[in-house]
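Each chain is listed here by its residues.
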Amino acid sequence: MYDRSVWIEEVDKGLYDLIKKVVHYPDLNNTPTSVTPTFPLANTDLEDIQLPTVIIKHIGEKFDMDRYDPNNTLITVSTSATKVTREELAKPYTLNYQLDFLSEYKEDMNSMLKYWHSFVGKRYMLPVVNAEGKEMKCYMVLVKDPTTLNQQKGDIKLYRTVMLYDIKVELDMGATTETDIVTGLNLDIDS
């Protein structure tokens with residue numbers, strides 16, 4: 001048995017690495033500086049957050065019936081003279097993610113969104129590393145136009161843009177079954 005799954009942990013890491021690589025804001029010398037994403041556990045975590053940032057939130061998952069064939073759930077992975085080994089196909093899921101772009105300055109938000117949209121856009125193949133350590137890609141799509149939710153944090157105005165993405169993943173745990181196969185057949189119709 002193996003585990004070739006891509007699930008929440010793998011997508012979290014993929015999004016973190018992508019944001020760190022792609023999203024920038026101008027520092028005091030107007031030099032592009034990469035943003036460090038965060039994973040807050042609750043809204044209270046936002047009080048001590050370092051700005052600008054992108055908050056990564058896994059907000060749910062659902063079984064993906066569009067990519068699942070209930071009539072074909074097993075594949076043959078090996079045969080011997082008397083046995084066949086079959087494996088369950090990977091289970092397709094869609095993970096729902098919310099990305100909150102937060103900044104204290106409008107210029108930072110402008111820069112972060114410019115970098116994000118020019119590199120990622122509406123559809124993207126997210127690089128991930130599966131549970132077995134193999135590099136893969138997951139299809140991600142923006143499911144709703146970005147929403148601007150500017151707010152006050154004490155005397156500071158926060159610029160906030162929220163994006164919702166669906167990310168296609170699979171649970172592939174390598175569960176196998178071994179079955180005896182027919183090795184000989186007598187077709188003598190005269191007996």
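Note that this is a predicted model, so its numbers are computed, not measured.

Asker: So, the packing of aromatic side chains: which residues are in play, and what are the values?
Answerer: Applying the stated criterion across every chain, the model contains seven aromatic pairs. With a centroid separation of 6.2 Å and 15 degrees between ring planes, the pair formed by Y16 and F39 is classed as stacked. Linking Y16 in helix α1 (residues 8-22) with F39 in the loop between β2 (32-34) and β3 (53-63), this pair joins segments that are 23 residues apart in sequence. Judged by its relative accessible area of 37%, F39 falls in the partly exposed class. Considering the side-chain rings of F63 and Y93, the 5.2 Å spacing of their centres and the 90 degrees angle between planes classify their relative orientation as edge-to-face. Of this pair, F63 sits in strand β3 while Y93 sits in strand β6 (residues 91-103), and the two are 30 residues apart along the sequence. Residue class for F63 comes out partly exposed when judged on its relative accessible area of 28%. The positively charged end of R4 is found above the aromatic ring belonging to Y2, 3.8 Å away from the centroid.

Asker: Describe the sheet that holds strand β4 (residues 74-79), and please don't skip the residues or the numbers.
Answerer: Ordered by their spatial adjacency, three strands build an open sheet running β4-β5-β11, and the pairing between neighbours is antiparallel. Across the chains shown, the open sheet's two edge strands, defined by having one partner strand only, are β4 and β11 (176-180). Across the sheet, the mean angle separating the axes of adjacent strands is 30 degrees when strand polarity is ignored. Bridging between β4 and strand β5 (residues 83-88) involves five bridges; their strand directions are antiparallel. Within the sheet, the bridge partner assigned to S78 lies in β5 and is T85.

The rules behind each value
Residues numbered from 1 in each chain as written. Predicted model: local features only at pLDDT ≥ 70, side-chain atom pairs only at ≥ 80, totals over all residues. Heavy atoms only, no water. Phe/Tyr/Trp six-rings, centres within 6.5 Å; stacked < 30°, edge-to-face > 60°. Helix = DSSP H or I, 4+ residues; strand = E, 2+ residues; numbered from the N terminus. Buried < 20%, exposed > 50% of the residue type's maximum accessible area, 1.4 Å probe, protein only. Lys NZ or Arg CZ within 6 Å of the ring centre and 35° of its normal. Pairing = 2+ DSSP bridges. Axes fitted to C-alpha atoms, helices over the stretch in contact; angles between N-to-C directions.

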